[in-house]
Amino acid sequence: MAGRKAIVVGGSMGGVFSALYLRRLGWDVRIFERSSVPLVGRGAGIVTHPELRQALADLGRAAESDLGVPIEKRIAIDAQGEVFAEHPRRQISTSWNRLFEILNEVLPKDIYELGKEFVSFEQDAHSITARFADGTSATGDLLVGADGFRSQVRGVLTPEAKPVFAGYVGWRGLADEARFTPEFRRDVFDTFAFHLPPGEQIIGYPAAGPGNDLRPGHRSWNIVWYRPTTAEQLRRFLTDDTGHEHSVSIPPPLISRSVIAEMRDIAERTLPPQFREAIRIIDQPFFQPIYDFEAPTMAVGRACIIGDAAFVVRPHVGAGVVKAAQDAEAIARHVGGGEDVIGALRAFDAERRPIGAAFVAHVRRLGSYIKREFASEAERSYALANAEPMRVMVETAVLDFMTGGEPTEEKRAVSGA
Ligand SMILES: Cc1cc2nc3c(=O)[nH]c(=O)nc-3n(C[C@H](O)[C@H](O)[C@H](O)COP(=O)(O)OP(=O)(O)OC[C@H]3O[C@@H](n4cnc5c(N)ncnc54)[C@H](O)[C@@H]3O)c2cc1C
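> Mind laying out the sheet that holds strand β9 (residues 137-140), listing which residues take part and the relevant values?
Backbone-to-backbone hydrogen bonds pair the strands of a sheet. The strands run either parallel or antiparallel. Strand order across the open sheet formed by 3 strands is β7-β8-β9, with antiparallel pairing between neighbours. Sheet topology places β7 (118-123) and β9 at the edges, where each strand pairs with a single neighbour. Going across the sheet, the axis of each strand differs from the next one's by a mean of 20°, ignoring polarity.

Dropping the structure here:
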């Protein structure tokens, strides 16, 4: 059916995937992004999954060789810096910028508007109208809320639902390959490395370098260090050097110098040499407070939410982009030519909500041991079972749980299974 119009709110991964999938079916799509300047990555690497490459291939962008940095194995490092376990696992690690660039190569420029902050919508049996902060509006047959973790579309759809702090933060950052010692570059750089102090987890893996550079010597090493953090500590972390307390998260350049100095000091005192070296090289570390969120519904009438707007999944499986892409694919599949948008979104909600909930439950288990105190002996033994190093190495940054634990193509390629 020609002429069906979709309004996409949010022009990050979820919004762009959604626009691309809908356009394939002939929809007239416009993306409305709040930011007034083009989006750029927050300086964190992204481990890719076969499911993500499938989504790129669906959209005519089968980018294997230029997608990112290949990793062949995972290693576990003890407190003294000795490697005590290995696990073969082939994966490609990339950067947010590289992925976004790939998607934008196939997205027409004239359907994307910057500086459009969505405020509210109203709908009736025939159409839906989005209103923006600048006083303009857009009317269509379908509204996709891909406006992330603090979604305003969700605020209109289900105002009562709020993300919950998980009790820990992930310190993140990228270290330039060229600045590592020759020993690090020989033994560690190409691996996905783990160190698992009690109640904590630190991982590191290669990623594309500045300007999406994939050449050896020009890449980055991405680290994420999960540390238990009380609500009171989090408030201190969110307070900048002028004394202003930010809510939910703080822009990296505003993180207080004393909070960063404290993290660096703990790193020097507690981490093995390889991770100490990486943290010293990172010029601007930043932290991400970890939250859980499950939307009570993903669709109301002609409006729906996808990606981080609908479910916030702790980063342990690296699923944010894949989940947003799969939500986007599912919307397009259900709405098809747009004959019955309201019924299609009901079917979309019925399909994707249990999957979002399964993601949240799975990563909650993976992060269950990142804490200092346990409410009961049963909780402690459950958490410790999830802290077992080989289990952590096998389960982190993979989506095998979605296929019932069956290895995905990458694992089979390495193990020969
Ligand atoms: C600029 C940027 C950089 C990122 N970098 C990384 C990274 O390096 N590594 C990583 O793992 N993940 C990164 N992420 C997060 C990752 O993209 C998401 O977790 C995941 O892809 C799900 O994406 P999403 O599209 O659902 O939500 P998001 O990526 O959070 O995008 C939401 C978009 O909606 C826009 N928006 C919010 N409110 C409104 C509104 N009222 N009106 C209009 N637009 C609105 C936001 O500006 C944003 O562009 C980044 C996200 C962004 C926005």
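> Before we move on, can you summarise the domain arrangement of the protein chain with the specific residues and values?
Domain annotation for the protein chain reports domain 1 (5-59 + 98-162 + 292-366) and domain 2 (69-92 + 166-291). Distance between the C-alpha centres of domain 1 and domain 2: 29 Å. Each partner contributes to the interface: domain 1 provides 19 residues, whereas domain 2 provides 20 residues. Summed over both partners, the interface of domain 1 with domain 2 buries about 1700 Å², with 53% contributed by carbon and sulfur atoms. Linking domain 1 to domain 2 there are 0 salt bridges. Summed over the shared surface of domain 1 and domain 2, the result is 7 residue pairs in polar contact (both at pLDDT 80 or more). Counting residues per element, the ones that place at least two in the side of domain 1 that touches domain 2 are β3 (45-47), α3 (96-105) and β15 (286-294). Ranked by residue count, the leading element in the side of domain 1 that touches domain 2 is β3, at 3 residues.

> Would you mind going over the pairing of strand β1 (residues 5-9) in detail, with residue names and values included?
Taking burial as the measure, the 5 residues of β1 include 4 buried ones, the bulk of the element. Two elements, β1 and strand β2 (residues 28-32), share 5 bridges in a ladder whose sense is parallel. Following the sheet pairing, lysine 5 is matched in β2 by aspartate 28. Handedness of the crossover joining β1 and β2 through helix α1 (residues 13-24) is recorded here as right-handed. Across 4 bridges, the pairing between β1 and strand β10 (residues 142-145) is parallel.

> Describe the packing of α1 against α3, with residues and values.
For any two helices packed against each other, one specifies the crossing angle of their axes together with the interaxial distance. In the contact formed by α1 and α3, the axes pass within 10 Å of each other and the chain directions differ by 20°. Between α1 and α3, the crossing angle belongs to the class labelled roughly parallel. Considering only the axes of α1 and α3, their crossing is left-handed. Facing Met13, Val16, Phe17 and Leu20 of α1, the residues of α3 in contact are Trp96, Leu99, Phe100 and Leu103. A breakdown of the residues in the contact of α1 with α3 according to their chemical character gives 8 nonpolar, no polar and no charged.

> Can you lay out helix α2 (residues 50-58) for me, pointing to particular residues and giving the numbers?
Among the residues making up α2, those that are buried are Pro50, Glu51, Leu52, Arg53, Ala55 and Leu56. Positioned one or two residues after α2, glycine 60 has a phi angle of 80°, which is positive.

> Would you mind going over the packing of aromatic side chains in detail, with residue names and values included?
In total, this model carries 17 aromatic pairs according to the counting rule given. Aromatic side chains tryptophan 96 and phenylalanine 100 sit 4.6 Å apart centroid to centroid with 25° between the ring planes, which places their arrangement in the stacked category. One end of the pair is tryptophan 96 and the other is phenylalanine 100, both in helix α3 and 4 residues apart, which spans about a single turn. The exposure classification of tryptophan 96 matches that of phenylalanine 100, with both residues buried. With a centroid separation of 4.9 Å and an interplanar angle of 90°, the aromatic rings of phenylalanine 184 and tryptophan 221 are classed as edge-to-face. In this pair, phenylalanine 184 sits in helix α5 (residues 182-187) while tryptophan 221 sits in strand β14 (residues 220-228), placing the two residues 37 residues apart along the sequence.

Rules behind the numbers
Residues numbered from 1 in each chain as written. Predicted model: local features only at pLDDT ≥ 70, side-chain atom pairs only at ≥ 80, totals over all residues. Heavy atoms only, no water. Pairing = 2+ DSSP bridges. Helix = DSSP H or I, 4+ residues; strand = E, 2+ residues; numbered from the N terminus. Axes fitted to C-alpha atoms, helices over the stretch in contact; angles between N-to-C directions. Domains from an automatic or database assignment. Contact = heavy atoms within 4.5 Å. Buried area = accessible area lost by both parts, 1.4 Å probe. Salt bridge = Lys/Arg side-chain N within 4 Å of Asp/Glu carboxyl O. Polar contact = N/O pair within 3.5 Å; in protein donor to acceptor, adjacent residues only side chain to side chain. Buried < 20%, exposed > 50% of the residue type's maximum accessible area, 1.4 Å probe, protein only. Right-handed = clockwise from strand over helix to strand, strands pointing away. Parallel < 35°, antiparallel > 145°, perpendicular 65-115°, else oblique. Left-handed = near helix turned anticlockwise from the far one by under 90°. Nonpolar A, V, L, I, M, F, W, Y, C, P; charged D, E, K, R; others polar. Phe/Tyr/Trp six-rings, centres within 6.5 Å; stacked < 30°, edge-to-face > 60°.

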